[in-house]
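Descriptive analysis of the structure
One letter stands for each residue in the lines below.
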Amino acid sequence: MSGEEQENAAELKIGDEFLKAKCLMNCEVSLILEHKYEQLQQVSEDPMNQVSQVFEKSLQYVKRFSRYKNPDAVRQVREILSRHQLTEFELCVLGNLCPETTEEAVAMVPSLKTKGRAHDDGAIQKMLNDLSLVKRFE
């Protein structure tokens, strides 16, 4: 991103490094950290010796703010959101914050309504309804 150009998440001007990066939702990070924690427990007699305070706090945070706990639900959420040609950034914001209405989704991710993109209100609401079904049956 050039020095003159301002970053603006609403317009997806977040820098090339972020546009190309693979983002993870909190629920995905939670699954990864829980798996790592289980591995540490198997290796050590005292797993707390192997776990840093940062690791522990990070795990607590993502567990607290994960909207989906079941690994199958986490996979379904990513699949649903991926079908809508969202950027990784948009996908993770919607997956983490779980808006219920089109208005909420657009307020959180204004780039959904960027000119030239195929996200009309009906498509956005269908995507949110699909996410709601995953949460309901989790």
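Located above this text is the structure these notes cover.
In short, a report on the structure. A quick note: this is a predicted structure, and the numbers were derived from the prediction, not measured.

**Description of helix H4 (residues 71-82)**
- Over its twelve residues, H4 extends 17 Å from the first C-alpha to the last, a length consistent with the 16 Å expected when each residue adds 1.5 Å.
- The set of residues buried in H4 consists of Ala73, Val74, Val77, Arg78, Ile80 and Leu81. One side of H4 holds all its buried residues, which, seen down the axis, span an arc of 165°.
- Residues of H4 that are buried sit in contact with helix H2 (26-43), helix H5 (88-97) and helix H7 (121-136).
- One side-chain oxygen of the residue at the start of H4 lies 2.6 Å from the amide nitrogen of aspartate 72, identifying that residue as asparagine 70.

**Thoughts on the environment of leucine 59**
- Here leucine 59 shows up in helix H3 (residues 53-65).
- Note on leucine 59: relative accessible area 10%, which makes it buried.
- Distance from leucine 59 to asparagine 26, taken between C-alpha atoms, is 9.7 Å for residues 33 residues apart in sequence.
- For leucine 59, the residues in contact, after removing those within four places along its chain, are Ser30, Leu33, Glu34 and Tyr37.

**Concerning the environment of serine 82**
- With respect to the secondary-structure elements, serine 82 resides in helix H4.
- A polar atom in the side chain of serine 82 sits 2.7 Å from the backbone oxygen of arginine 78.

**Remarks on the pattern of salt bridges**
- One pass over the structure, following the stated rule, counts eight salt bridges.
- For the salt bridge of arginine 75 with glutamate 79, the shortest nitrogen-to-oxygen distance reads 3.0 Å. You can see arginine 75 and its partner glutamate 79 sitting in helix H4, four residues apart, about one turn around the helix.
- Under the relative-accessibility criterion, arginine 75 is labelled partly exposed at 42%.
- Overall, glutamate 79 belongs to the partly exposed group, its relative accessible area being 37%.
- Of the charged contacts, one joins aspartate 121 and lysine 113 as a salt bridge, the two residues approaching to 2.5 Å between their closest N and O atoms.
- Assessed through its relative accessible area of 41%, aspartate 121 is described here as partly exposed.
- Assessed through its relative accessible area of 40%, lysine 113 is described here as partly exposed.
- Through salt bridges with shared partners, one network takes in Lys22, Glu28, Arg78 and Glu88.

**Description of the packing of aromatic side chains**
- Following the criterion strictly, the structure yields one aromatic pair and no others.
- For the pair tyrosine 61 and phenylalanine 65, a centre-to-centre distance of 4.8 Å together with 45° between the ring planes defines the contact as tilted. Of this pair, tyrosine 61 and phenylalanine 65 both sit in helix H3, four residues apart, roughly one helical turn.
- Exposure remark for phenylalanine 65: the relative accessible area of 36% places this residue in the partly exposed category.

**A few points about the packing of H2 against H4**
- At a minimum axis distance of 10 Å, the contact between H2 and H4 shows a crossing angle of 140°. By the angle between their axes, H2 is oblique relative to H4. Along this stretch, H2 crosses H4, giving a crossing that reads as left-handed. Contacts from Cys27, Glu28 and Leu31 in H2 reach Pro71, Val74 and Arg78 in H4.
- Per-class residue counts for the contact of H2 with H4 are four nonpolar, no polar and two charged.

How each quantity is defined
- Here the residue numbering is sequential within each chain, running from 1 through the sequence in written order.
- In keeping with the model being predicted, local features are shown solely for residues with a pLDDT of at least 70 and side-chain atom pairs are shown and tallied solely at 80 or more, while totals for entire chains, interfaces and linings include all residues.
- The side-chain numbers reported here are obtained from all heavy atoms of the structure, hydrogens and water having been left aside.
- In this description a helix means any DSSP run of H or I spanning at least four residues, a strand means any run of E spanning at least two, and both kinds are numbered starting from the N terminus.
- Expected span of a helix, by definition, is 1.5 Å for each gap between consecutive residues, and there is one gap fewer than residues.
- Accessibility here uses a 1.4 Å probe with only protein chains present; expressed as a share of the type maximum, an area under 20% marks a residue as buried, one over 50% as exposed, and anything in between as partly exposed.
- It is the directions from the helix axis to the C-beta atoms that the arc portrays.
- Contact criterion: two residues are considered in contact whenever any of their non-hydrogen atoms come within 4.5 Å of each other.
- Polar contact is defined as a pair of N or O atoms within 3.5 Å, subject to the rule that within protein one atom must be able to donate a hydrogen and the other to accept it, and that residues adjacent in sequence are counted only when both atoms are side-chain atoms.
- Each salt bridge in this description consists of a side-chain nitrogen of Lys or Arg and a carboxyl oxygen of Asp or Glu lying within 4 Å of one another.
- Here a Phe, Tyr or Trp ring, Trp counted by its six-membered ring, pairs with any other such ring whose centre lies within 6.5 Å, and the pair is stacked when the planes are under 30 degrees apart, edge-to-face when over 60, and tilted otherwise.
- Only the contacting stretch of a helix is used when fitting its axis, a line to C-alpha atoms as for every element, and angles between N-to-C directions run 0 to 180 degrees.
- In these notes the angle categories are as follows: under 35 degrees is roughly parallel, over 145 is roughly antiparallel, 65 to 115 is roughly perpendicular, and the rest is oblique.
- Definitions for this section: a left-handed crossing has its near helix turned counterclockwise from the far helix by less than a right angle. A right-handed crossing has that turn clockwise.
- Residue type decides the class: Asp, Glu, Lys and Arg count as charged, Ala, Val, Leu, Ile, Met, Phe, Trp, Tyr, Cys and Pro as nonpolar, and the leftover types, Gly among them, as polar.

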